[in-house]
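One letter stands for each residue in the lines below.
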Amino acid sequence: MKPLTDFFTAIEKDARIGTTHIGIYAALLQYWQQNECANPLSAFSYEIMRIAKISAQATYHRCIKDLHSFGYIRYEPSFKRNSRSKVYLRV
(Lines give C-alpha, C1' and ligand atoms only; values in the text may rest on other atoms or scores of the structure.)
Protein backbone atom coordinates (compact mmCIF):
# COMPACT_ATOMS: atom_id res chain seq x y z
CA MET A 1 0.00 0.00 0.00
CA LYS A 2 1.64 3.17 -1.23
CA PRO A 3 0.50 5.57 1.56
CA LEU A 4 1.98 3.26 4.21
CA THR A 5 5.21 2.82 2.25
CA ASP A 6 5.47 6.59 1.81
CA PHE A 7 4.92 7.08 5.55
CA PHE A 8 7.65 4.59 6.47
CA THR A 9 10.04 6.25 4.02
CA ALA A 10 9.27 9.65 5.55
CA ILE A 11 9.76 8.52 9.16
CA GLU A 12 12.96 6.55 8.55
CA LYS A 13 15.15 9.33 9.92
CA ASP A 14 12.57 10.99 12.17
CA ALA A 15 13.54 10.10 15.75
CA ARG A 16 10.38 11.78 17.08
CA ILE A 17 8.16 8.98 15.74
CA GLY A 18 7.54 5.98 17.98
CA THR A 19 5.56 2.79 17.76
CA THR A 20 2.36 4.43 19.00
CA HIS A 21 2.53 7.04 16.23
CA ILE A 22 2.99 4.24 13.70
CA GLY A 23 0.06 2.31 15.16
CA ILE A 24 -2.22 5.32 14.95
CA TYR A 25 -1.16 6.11 11.40
CA ALA A 26 -1.75 2.48 10.35
CA ALA A 27 -5.15 2.57 12.06
CA LEU A 28 -6.03 5.78 10.21
CA LEU A 29 -5.11 4.11 6.91
CA GLN A 30 -7.25 1.07 7.78
CA TYR A 31 -10.19 3.32 8.70
CA TRP A 32 -9.63 5.32 5.51
CA GLN A 33 -9.79 2.15 3.40
CA GLN A 34 -12.91 0.91 5.20
CA ASN A 35 -14.59 4.22 4.40
CA GLU A 36 -13.97 4.18 0.65
CA CYS A 37 -10.79 6.26 0.84
CA ALA A 38 -12.67 9.41 1.81
CA ASN A 39 -10.29 12.29 2.45
CA PRO A 40 -10.80 13.85 4.91
CA LEU A 41 -11.90 10.94 7.00
CA SER A 42 -14.29 11.67 9.84
CA ALA A 43 -13.83 9.59 12.97
CA PHE A 44 -14.34 9.52 16.68
CA SER A 45 -11.16 8.97 18.68
CA TYR A 46 -12.49 5.70 20.13
CA GLU A 47 -12.89 4.27 16.61
CA ILE A 48 -9.23 4.86 15.76
CA MET A 49 -8.08 3.85 19.24
CA ARG A 50 -9.86 0.49 18.91
CA ILE A 51 -8.10 -0.27 15.62
CA ALA A 52 -4.71 0.92 16.94
CA LYS A 53 -5.13 -1.04 20.21
CA ILE A 54 -4.65 2.10 22.31
CA SER A 55 -6.65 2.45 25.53
CA ALA A 56 -5.45 5.81 26.89
CA GLN A 57 -7.12 8.93 25.51
CA ALA A 58 -4.14 11.07 26.51
CA THR A 59 -1.74 8.89 24.51
CA TYR A 60 -4.00 8.98 21.46
CA HIS A 61 -4.41 12.75 21.57
CA ARG A 62 -0.69 13.37 22.13
CA CYS A 63 0.28 11.15 19.20
CA ILE A 64 -2.33 12.41 16.76
CA LYS A 65 -1.36 16.00 17.59
CA ASP A 66 2.29 15.04 17.05
CA LEU A 67 1.49 13.52 13.65
CA HIS A 68 -0.28 16.78 12.78
CA SER A 69 2.49 19.08 13.99
CA PHE A 70 5.18 16.95 12.30
CA GLY A 71 3.29 17.27 8.99
CA TYR A 72 2.25 13.64 8.43
CA ILE A 73 -1.49 14.37 8.67
CA ARG A 74 -3.78 17.37 9.05
CA TYR A 75 -5.96 16.98 12.12
CA GLU A 76 -9.05 19.08 12.81
CA PRO A 77 -10.52 18.16 16.19
CA SER A 78 -14.24 18.72 16.62
CA PHE A 79 -14.15 19.43 20.40
CA LYS A 80 -17.71 18.06 20.54
CA ARG A 81 -18.55 14.65 21.99
CA ASN A 82 -21.19 13.93 19.34
CA SER A 83 -19.23 15.18 16.33
CA ARG A 84 -16.41 13.38 14.56
CA SER A 85 -12.99 14.96 14.09
CA LYS A 86 -11.55 15.28 10.59
CA VAL A 87 -8.22 13.83 9.53
CA TYR A 88 -6.65 14.60 6.18
CA LEU A 89 -4.15 12.00 5.04
CA ARG A 90 -1.29 12.96 2.76
CA VAL A 91 -2.04 10.37 0.06
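Preceding this paragraph is the structure being described.
Starting afresh in each chain, residues are numbered from 1 along the sequence in its written order. Confidence filtering applies because this is a predicted model: local features only for residues at pLDDT of at least 70, side-chain atom pairs given and counted only at 80 or more, and all residues used for totals across whole chains, interfaces and linings. To get the side-chain values, all heavy atoms of the structure are used, and hydrogens and water are removed first.

Asker: Explanation requested: the packing of helix H1 (residues 2–11) against helix H2 (residues 19–34) in the structure shown.
Answerer: When two helices pack together, you describe them by how their axes are tilted relative to each other and by the distance separating the axes. Relative to each other, H1 and H2 sit at 160°, their axes nearing to 11 Å. By the angle between their directions, the pair H1 and H2 is classed as roughly antiparallel. Taken as a pair, H1 and H2 cross one another with a handedness that is right-handed. Taking contact as the criterion, the partners of Pro3, Leu4, Phe7, Phe8 and Ile11 in H1 are, on H2, Ile22, Tyr25, Leu29 and Trp32. Lys, Arg, Asp and Glu make up the charged group, whereas Ala, Val, Leu, Ile, Met, Phe, Trp, Tyr, Cys and Pro make up the nonpolar group; the residues left over, Gly among them, are polar. Residues of the contact of H1 with H2, tallied by class, amount to nine nonpolar, no polar and no charged. Interaxial angle, 0 to 180 degrees, is taken between N-to-C directions of lines fitted to C-alpha atoms, where a helix line uses only the stretch in contact. Starting at the N terminus, helices and strands are each numbered in turn, a helix being any DSSP run of H or I of at least four residues and a strand any DSSP run of E of at least two. An angle below 35 degrees is treated as roughly parallel, one above 145 as roughly antiparallel, one from 65 to 115 as roughly perpendicular, and anything else as oblique. Crossings are classed by handedness, with left-handed meaning an anticlockwise turn of the near helix from the far one by less than a right angle and right-handed meaning a clockwise turn. Only heavy atoms enter the contact rule, under which two residues are in contact if any of them lie within 4.5 Å.

Asker: Explain H1 here, please?
Answerer: For an α-helix, the turn length of 3.6 residues means that residues three or four places apart are oriented alike. Here the term buried applies to any residue with accessible area under 20% of the maximum for its type, exposed to any over 50%, and partly exposed to those in between, with areas from a 1.4 Å probe on protein chains only. For H1, the set of buried residues is Pro3, Phe7 and Ile11. Each buried residue of H1 lies within a common arc of 60° when the element is viewed along its axis, so the set occupies one face. Elements in contact with the buried residues of H1: H2 and helix H4 (57–69). By construction, the arc corresponds to the directions joining the helix axis to the C-beta atoms.

Asker: Which parts of the structure should I look at to understand the sheet that holds strand E1 (residues 41–43)?
Answerer: Backbone hydrogen bonds hold the strands of a sheet together, and the pairing may be parallel or antiparallel. Strand order in the open sheet formed by three strands is E1-E3-E2, with antiparallel pairing between adjacent strands. Only two strands of the sheet have a single partner each, and these edge strands are E1 and strand E2 (73–76). When strand polarity is set aside, the average angle formed by the axes of neighbouring strands in this sheet is 25°. Bridging between E1 and strand E3 (residues 85–89) involves three bridges; their strand directions are antiparallel. Bridging across to E3, Leu41 finds its partner in Val87. Packed on one face of the sheet, H4 meets E2 and E3 and runs near 125° to E2. Between any two strands, pairing holds if DSSP finds at least two bridges.

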